[in-house]
Amino acid sequence: MADRMQMAAKGAVLDTPTSSPASDIVRQGPNKRSKAETRFKMYGLIAIIISLGFLAVMITSIVIRGTGAFTQSFIKLEMEIPADVDPENLNDTNWRGVMNRSLRAQFPDVKGRSDRRSLTRMLSSNGEFTVRDAVAANPDLIGTTAQISVRTSSDIDMLIKGNVDLDLPENQRRVTDKQVAWLNQLKDAGAVDTRFNERFFTSGDSREPEQAGIWGAVVGSFLSLLVCFALSFPLGTMAAVYLEEFAPKGRISQIIEVNINNLAAVPSIVFGLLGLAIFLNFFELPRSTPLVGGMVLALLTLPTIIIASRASLRAVPPSIRDAAYGLGAS
């Protein structure tokens, strides 16, 4: 019995696997791959975090620099509305003269022509229309002295918002020292206030920054996208269904597929030049941004829609197709 037990123990010792360099390499392989995969994941995560950080910095910078567009500075002036103004023909009145006289009355010491011109440039160039609209809204102001707020020019507005470095020499900034002094006098008199800039959302582009808005761009973009969607979506979907389900597999279909894939990689500037050369110069379409721009965008998005639609059709499992056929689908 004891001999059998000793023989069994010897057999167990002989059956125990012994360590070898090859087995160590095999066991270390998965560990190395796991560590390399972990490092690769960390690198990817760090890259995503850095890219998101740059995106956050860019968006924050845009928001901080663009918040000033939501407010606009105004100067309140005591204006003497002439008694001979015709309420039915307000455009016949020299409202700019009325506005300039009221501003010069605030500074009777300003005598020179250049100084007067510099003083009136503190107001927006469309200030006369503000006065006209105020009188049109309240005809009772005719023949009286009314307090009307007029927009400041873009340079004065930037000065009020603190975006002008007054430490620079006068010849290196758009605001003169006299204008700074006049503005300080108006502030001391309580004639300067800042309001929400409604015009920024209701007006279009303009050569004068204080008159510019985003409404024209918003409407143009919406109409361009509407034209693009009306053209590209039905054409792209129908083309994808035909190429994937009905078109015979041959040389012609292969050429079409290659061209579609190539068009998907063409830069957008090439489509813009195509629209300029074909739609405007050759077909002589009207120079309408929504129409021509929407057509160019439709050409730009058609390859992407076709490729994505065909991929979606290929993703349908054969069992679903067979079930549909069994239920009577064509």
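As a reminder, the structure under discussion sits directly above these lines.
*Asks:* Explanation requested: a positive patch on the surface in the structure shown.
*Replies:* A cluster of basic residues, Arg101, Arg104, Lys111 and Arg116, forms a positive patch at the surface. Structurally, lysine 111 is set in the loop between α3 (95-106) and α4 (113-120). On the accessibility criterion, lysine 111 (61% relative accessible area) is exposed.

*Asks:* Even after reading the chapter, I still don't get the pattern of salt bridges, so can you show me in this structure?
*Replies:* A side chain of one charge can pair with a side chain of the opposite charge if their charged atoms are brought near each other. Under the counting rule described, the total for this entry stands at 12 salt bridges. Residue lysine 178 pairs with aspartate 115 through a salt bridge whose shortest N-O separation is 3.0 Å. Within this pair, whereas lysine 178 is found in helix α7 (residues 177-188), its partner aspartate 115 is found in helix α4, the two being separated by 63 residues in sequence. Given the relative accessible area of 43%, lysine 178 is considered partly exposed. Of the charged contacts in the structure, one is a salt bridge between arginine 310 and glutamate 257, with a shortest N-O distance of 2.8 Å. Within this pair, whereas arginine 310 is found in helix α12 (residues 289-314), its partner glutamate 257 is found in helix α10 (residues 251-264), the two being separated by 53 residues in sequence. Sharing partners across several salt bridges, the network here consists of Glu244, Glu257, Arg310 and Arg314.

*Asks:* Before we go on, may I ask you to explain the nonpolar core in this structure?
*Replies:* Judged by nonpolar contacts, the single largest core of 33 residues is most densely connected at Met79, Ile81 and Trp95. Broken down by secondary-structure element, the contributors of at least two residues to this core are β1 (71-80), α3, α5 (127-137), β2 (145-151), α6 (154-160) and α7. Setting aside residues up to four positions removed in sequence, isoleucine 81 forms contacts with Trp95, Val135, Leu141, Ile142, Gly143, Thr144 and Ile148. The next biggest cluster of nonpolar side chains, apart from the first, holds 6 residues, and it includes Phe271, Phe279, Met295 and Val296.

*Asks:* Help me out: how do you make sense of unusual backbone geometry in this one?
*Replies:* Note on backbone geometry: most residues besides glycine have negative phi, and most peptide bonds are trans. Its identity is not glycine, yet glutamate 284 carries a phi of approximately 55°, on the positive side. Of note, glutamate 284 is situated in the loop between α11 (268-282) and α12. Relative accessible area serves as the criterion here: at 65%, glutamate 284 is assigned to the exposed category.

*Asks:* Would you take a moment to explain the sheet that holds β2 for this structure?
*Replies:* Paired through their backbone hydrogen bonds, the strands of a sheet run either parallel or antiparallel. Here we have 3 strands laid out as an open sheet, ordered β2-β1-β3, and antiparallel in their pairing. Each end of this open sheet is capped by a strand with a single partner; those strands are β2 and β3 (192-196). Here the average twist between neighbouring strands, direction ignored, is 40°. Relative to β2, β1 is paired through 7 bridges, and the arrangement is antiparallel. What sits directly across from leucine 77, in β2, is isoleucine 148. Relative to β2, α5 is tilted by about 140°, and along the sheet it contacts β1 and β2.

Cut-offs and rules
- Residues numbered from 1 in each chain as written.
- Predicted model: local features only at pLDDT ≥ 70, side-chain atom pairs only at ≥ 80, totals over all residues.
- Heavy atoms only, no water.
- Patch = residues over 30% accessible without salt bridge, like charges linked within 9 Å, V, L, I, M, F, W, Y side chains within 5 Å.
- Areas by Shrake-Rupley, 256 points an atom, 1.4 Å probe, with all protein chains shown as cover.
- Salt bridge = Lys/Arg side-chain N within 4 Å of Asp/Glu carboxyl O.
- Lys, Arg positive; Asp, Glu negative; His and termini not counted.
- Charge placed at Lys NZ, Arg CZ, Asp CG, Glu CD.
- Helix = DSSP H or I, 4+ residues; strand = E, 2+ residues; numbered from the N terminus.
- Buried < 20%, exposed > 50% of the residue type's maximum accessible area, 1.4 Å probe, protein only.
- Core = buried A, V, L, I, M, F, W, Y, C linked by side-chain atoms within 4.5 Å.
- Contact = heavy atoms within 4.5 Å.
- Pairing = 2+ DSSP bridges.
- Axes fitted to C-alpha atoms, helices over the stretch in contact; angles between N-to-C directions.

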